[in-house]
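Next come the chains, spelled out residue by residue.
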Amino acid sequence: RTLSAQAVQLGSGVQTLLIKIHHYDYENDFIEEVVDIRDVRGATAVMTKRQRVRFCNAESAILRDGLWGDGDQLTRYHVRGARRLGVTQEGIRRTMLLAVEPRPRDGVAHQLSVNRTMKNAFTERQGFFDLMAERPTGHLALKVLFPRSRPPRSAPEGIQAMSIV
């Protein structure tokens, strides 16, 4: 649970303290993703993710992995440290639901890894890859690997983009 407090001025000098409780079923200690574009055309890419979570609610052991972008995002999907439950459609985005069994006690760290192959995800001249954390996250990192014959032209600040040597 995350608490945020804010003092609010009410008429005639009276103040009150508003406390807002944000409740999440889990929090991320870290999420680290590497996207490896395997060929010059961008026809095949592999995303590898390491994630460590801590559950905050005794009733839930379900993790969410967002899937969106160009091409086939689910050519291959392998997870270690959780079991695939299925995919839900949420507007333009799909979400892979993952079950952690047995569920760790509240506050105990649990690590998982995902290896996902994408087809035709990076075939355009300009493209993007989003990394989004839906829960509080201590550390978030993204690295994009490019084939030597297709180096990156630019990368946003904070994104490590490198050519494979």
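Calculation notes
Residues numbered from 1 in each chain as written. Predicted model: local features only at pLDDT ≥ 70, side-chain atom pairs only at ≥ 80, totals over all residues. Heavy atoms only, no water. Pairing = 2+ DSSP bridges. Helix = DSSP H or I, 4+ residues; strand = E, 2+ residues; numbered from the N terminus. Axes fitted to C-alpha atoms, helices over the stretch in contact; angles between N-to-C directions. Phe/Tyr/Trp six-rings, centres within 6.5 Å; stacked < 30°, edge-to-face > 60°. Buried < 20%, exposed > 50% of the residue type's maximum accessible area, 1.4 Å probe, protein only. pLDDT = per-residue confidence, 0-100. Contact = heavy atoms within 4.5 Å. Salt bridge = Lys/Arg side-chain N within 4 Å of Asp/Glu carboxyl O. Polar contact = N/O pair within 3.5 Å; in protein donor to acceptor, adjacent residues only side chain to side chain.

Strands sit in the order β5-β8-β7 across an open sheet of three strands; the sheet is antiparallel. Two strands bound the open sheet, and with one partner strand each, they are β5 (62–67) and β7 (83–90). Averaged over all pairs of adjacent strands, the angle between strand axes in this sheet comes to 25 degrees, irrespective of strand direction. As paired elements, β7 and strand β8 (residues 93–99) share seven bridges and run antiparallel to each other.

Moving on, we get to the packing of aromatic side chains. Summed over the entire model, instances satisfying the criterion amount to one aromatic pair. Note on tyrosine 26 and phenylalanine 55: the rings are 6.1 Å apart at their centroids and 65 degrees apart in plane angle, and the pair reads as edge-to-face. Of this pair, tyrosine 26 sits in strand β3 (residues 26–37) while phenylalanine 55 is found in strand β4 (residues 44–55), placing the two residues 29 residues apart along the sequence. For the residue pair tyrosine 26 and phenylalanine 55, the accessibility class agrees, reading buried in each case.

When pLDDT is averaged along the chain, the result is 83, and 81% of the positions lie at 70 or above. Mean pLDDT values for the elements of the chain range from 43 in strand β1 (residues 2–10) up to 97 in strand β9 (residues 109–119). Within the model, pLDDT remains below 50 along residues 1–11, and this stretch shows 32 contacts once partners closer than five positions in the same chain are excluded.

Before going further, it helps to spend a moment on the pattern of salt bridges. On inspection of all chains with the given rule, the structure shows 12 salt bridges. A salt bridge links aspartate 25 to arginine 135; the shortest N-O distance between them is 3.0 Å. Within this pair, whereas aspartate 25 is found in the loop between β2 (14–22) and β3, its partner arginine 135 is found in the loop between β9 and β10 (137–146), the two being separated by 110 residues in sequence. Judged by its relative accessible area of 16%, arginine 135 falls in the buried class. With its nearest N and O atoms 2.8 Å apart, the salt bridge here joins glutamate 134 to arginine 64. On the criterion of sequence distance, the pair formed by glutamate 134 in the loop between β9 and β10 and arginine 64 in strand β5 is long-range, its members being 70 residues apart. A residue is classified by how much of its surface remains accessible, and glutamate 134, at 29% relative accessible area, is partly exposed.

Inspection of the secondary structure puts lysine 49 in strand β4. Of the polar contacts made by the side chain of lysine 49, one reaches the side chain of aspartate 65; its length is 2.8 Å. Beyond its immediate chain neighbours, meaning those up to four positions away, lysine 49 contacts Ile31, Glu32, Glu33, Asp65, Leu112, Ser113 and Val114.

Turning next to the environment of arginine 153. Summarising the element assignment, arginine 153 is placed in the loop between β10 and β11 (160–163). Sequence-wise, arginine 153 and glutamine 126 are 27 residues apart; in three dimensions their C-alpha atoms are separated by 9.3 Å. Every residue in contact with arginine 153, bar those within four places of it in the chain, is listed here: Arg125 and Gln126.

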